[in-house]
Amino acid sequence: MRFTTIIAGLIVVTLCSLVQATPMQWSGNGHSYEAVYVGVGGISWADAQAAAVGAGGYLATITSPEENAFVFSLANANALLWFIDGSNNGIGPWLGGYQPVGSSEPYGGWTWDITGEPWTHDNWATGEPNNWHGAEHHAHLFGYRKLKAGTWNDIPQTADVRGYIVETPEPASVSLLLLA
């Protein structure tokens, strides 16, 4: 990614890359989580999911209030992951939740993409999900009328979201050692 800025008639070129935090393990399931910032241009949900899979994980799946609080703490620690939209709401990183085409709107069919974990917990912001304009089927962290919050919103998968949360399950090699 490259950003060009003009300062006092000079052209300054800045090269940028992904900014990742150190993965943090959550004691609730032994999985590691990592907040990834991709820049102001954003990343689509599908590209974020592909990047997460390429890194050995998937977009975070949240199945309890405790896991939600842990994931939010990682996103909350990086201000770059958040921005205020035109309605004065905070747009935060992608999560792994999505709603398959043909699901009843706005609450029906929500699922965790890769893991198939049951949708037993949600933390939608007030009035969400709402399937605004019939095109919102992907979950992200969202601050209703404030920059940051641990609540969720549904938006189009092509929205300008500046980052995502990767969840990586316990490595298979560790599991094999425990079985020996």
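Up top is the structure.
Here goes a summary of the coordinates provided. (Residues numbered from 1 in each chain as written. Predicted model: local features only at pLDDT ≥ 70, side-chain atom pairs only at ≥ 80, totals over all residues. Heavy atoms only, no water.)

Helix and strand counts for the protein chain come out as 3 helices and 12 strands. Residues counted as buried form 42% of the 180 residues belonging to the protein chain. Carbon and sulfur atoms form 59% of the exposed surface of the protein chain, whose accessible area is close to 9,200 Å². (Helix = DSSP H or I, 4+ residues; strand = E, 2+ residues; numbered from the N terminus. Buried < 20%, exposed > 50% of the residue type's maximum accessible area, 1.4 Å probe, protein only. Areas by Shrake-Rupley, 256 points an atom, 1.4 Å probe, with all protein chains shown as cover.)

Moving on: the environment of Ala-35. Along the chain, the position of Ala-35 falls in strand E5 (residues 32-37). Sequence separation between Ala-35 and Leu-81 is 46 residues; the distance between their C-alpha atoms is 8.2 Å.

What the rule picks out here adds up to 11 aromatic pairs. When the ring of Trp-112 is compared with that of Trp-119, the centres are 4.4 Å apart and the planes differ by 25°; the resulting orientation is stacked. Residue Trp-119 is classed as partly exposed on the basis of its relative accessible area, which comes to 22%. Taking 5.6 Å as the distance between ring centres and 80° as the angle between the ring planes, the aromatic pair formed by Trp-124 and Trp-152 counts as edge-to-face. Of this pair, Trp-124 sits in the loop between strand E9 (111-112) and strand E10 (138-143) while Trp-152 is found in strand E11 (residues 151-155), placing the two residues 28 residues apart along the sequence. The residues Trp-124 and Trp-152 share a single accessibility class, namely buried. (Phe/Tyr/Trp six-rings, centres within 6.5 Å; stacked < 30°, edge-to-face > 60°.)

What follows deals with helix H1 (residues 45-54). Those residues of H1 that fall on the buried side of the exposure criterion are Trp-45, Ala-48, Gln-49 and Ala-52. All buried residues of H1 lie within an arc of 100° about the axis, which places them on one face of the element. Just beyond H1, the residue with positive phi is Gly-56, at close to 95°. (Arc of directions from axis to C-beta.)

Remark: a regular strand shows side chains that alternate across the two faces of the sheet. Counting buried positions along E5 gives 5 out of 6 residues, so the element sits mostly inside the fold. The hairpin formed by strand E4 (residues 24-25) and E5 contains 6 residues between the paired strands, and Gly-30 there has a positive phi angle of roughly 80°. (Pairing = 2+ DSSP bridges.)

Below, the discussion takes up unusual backbone geometry. For the bond from Glu-105 to Pro-106, the omega torsion is -5°, close enough to zero to count as cis. With an omega of -10°, the peptide bond between Glu-128 and Pro-129 qualifies as cis. If you trace the backbone, Pro-129 turns up in the loop between E9 and E10. Here Asn-131, not a glycine, exhibits a phi torsion of approximately 50°, which is positive. Residue classification places Asn-131 among the buried residues on the basis of a relative accessible area of 13%. A positive phi angle is found at His-133, which is not glycine, with a value near 60°. Its location among the elements puts His-133 in the loop between E9 and E10.

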